[in-house]
Amino acid sequence: MKRTFIILLTLLLVGPLCAQQQRGRPHRELPKIEEMVNDLSNAQKKKLNAIQKDAKERISKLQAERDDVRDSIRALMRMDGDQSEKIFPLVDRETALRSQIIKEKYKTRLKVEKVLTKEQQMEVRKKIEADRKARHERRQGQQHT
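Rules and cut-offs
Residues numbered from 1 in each chain as written. Predicted model: local features only at pLDDT ≥ 70, side-chain atom pairs only at ≥ 80, totals over all residues. Heavy atoms only, no water. Helix = DSSP H or I, 4+ residues; strand = E, 2+ residues; numbered from the N terminus. Buried < 20%, exposed > 50% of the residue type's maximum accessible area, 1.4 Å probe, protein only. Contact = heavy atoms within 4.5 Å. Core = buried A, V, L, I, M, F, W, Y, C linked by side-chain atoms within 4.5 Å. Salt bridge = Lys/Arg side-chain N within 4 Å of Asp/Glu carboxyl O. Expected span 1.5 Å × (residues − 1). pLDDT = per-residue confidence, 0-100. Axes fitted to C-alpha atoms, helices over the stretch in contact; angles between N-to-C directions. Parallel < 35°, antiparallel > 145°, perpendicular 65-115°, else oblique.

### Quick word on the overall build of the protein
And then number 1: Along the protein, the regular secondary structure elements total 5 helices and 0 strands.
And then number 2: In sequence order, the protein lays out its α and β elements as α-α-α-α-α.
And then number 3: Here the protein holds 145 residues, and 23% of them are scored as buried.
And then number 4: Of all intrachain contacts in the protein linking residues separated by at least 6 positions in sequence, the fraction that spans at least 24 positions is 72%.

### Notes on the nonpolar core
And then number 1: One finds Ile33, Met36, Val37, Leu40, Leu48, Ile51, Val112, Val115, Leu116 and Val124 forming the largest nonpolar core, which totals 10 residues.
And then number 2: When contributions to this core are tallied by element, the ones reaching two or more residues are helix H2 (33-36), helix H3 (42-77) and helix H4 (84-115).
And then number 3: Aside from chain neighbours lying at most four places away, what touches Ile33 is Leu40, Leu48, Gln52, Val112, Leu116 and Val124.
And then number 4: In this structure, Ala55, Ile87, Leu97 and Ile101 belong to the second largest nonpolar core, which totals 9 residues.

### Here's the deal with the environment of Met77
And then number 1: When you line up the elements, Met77 lands in helix H3.
And then number 2: Each C-alpha atom of the pair Met77 and Ile87 lies 7.7 Å from the other, and the pair is 10 residues apart in sequence.

### Some thoughts on the pattern of salt bridges
And then number 1: With the rule as written, the count across this model stands at 12 salt bridges.
And then number 2: Note that Glu129 and Arg132 form a salt bridge whose closest N and O atoms lie 2.9 Å from each other. Of this pair, Glu129 and Arg132 both sit in helix H5 (residues 118-143), 3 residues apart, which is roughly one turn of the helix.
And then number 3: A single salt-bridge network, built from bridges that share partners, covers Asp54, Arg58, Glu104 and Lys107.

### Let's talk about H5
And then number 1: The first and last C-alpha atoms of H5 sit 37 Å apart over 26 residues, in line with the 38 Å expected at 1.5 Å per residue.
And then number 2: For H5, the full list of buried residues reads Gln120, Gln121, Val124 and Arg135.

### Observations regarding the confidence of the model for the protein
And then number 1: For the protein, per-residue confidence averages 84 on the pLDDT scale, and residues scoring 70 or more make up 78% of the total.
And then number 2: Note on residues 16-22: pLDDT under 50 across the span, and 5 contacts to partners over four residues away in sequence or across chains.

### Here's the deal with the packing of H3 against H4
And then number 1: Close contact between H3 and H4 brings their axes to 9 Å; oriented N to C, the two are set at 170°. It follows that H3 is roughly antiparallel to H4 by the angle criterion.

Pasting the structure below:
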């Protein structure tokens, strides 16, 4: 009985903390292309700013909705009994929102590529890849600590 109580208490305490930690982590921002390319014209800068502002608004709304759905799923999972009828549609909605976010990011990338020259595109790709590699190395370092 004591062991069951301790396990239950641990689950009740750890669940909200994990959800809070996930919710508190900021969403990764879209890369700022104007900071990655040195030779952008004023016209390119204006177009890129408009593209990124529009994308940020759409993606932020989708991410906020996804976060709300995740919170609902977590709350239902902490409840006793079978909550499948409520949870499963929410899981489907979360998946759909994740898909929409990925599509929006890809559409934004395509719009950005239309504004940049081939040389500028290569410069951006190199910097994004270097950033991705650095993030991966930081994560690996944190896991071994």
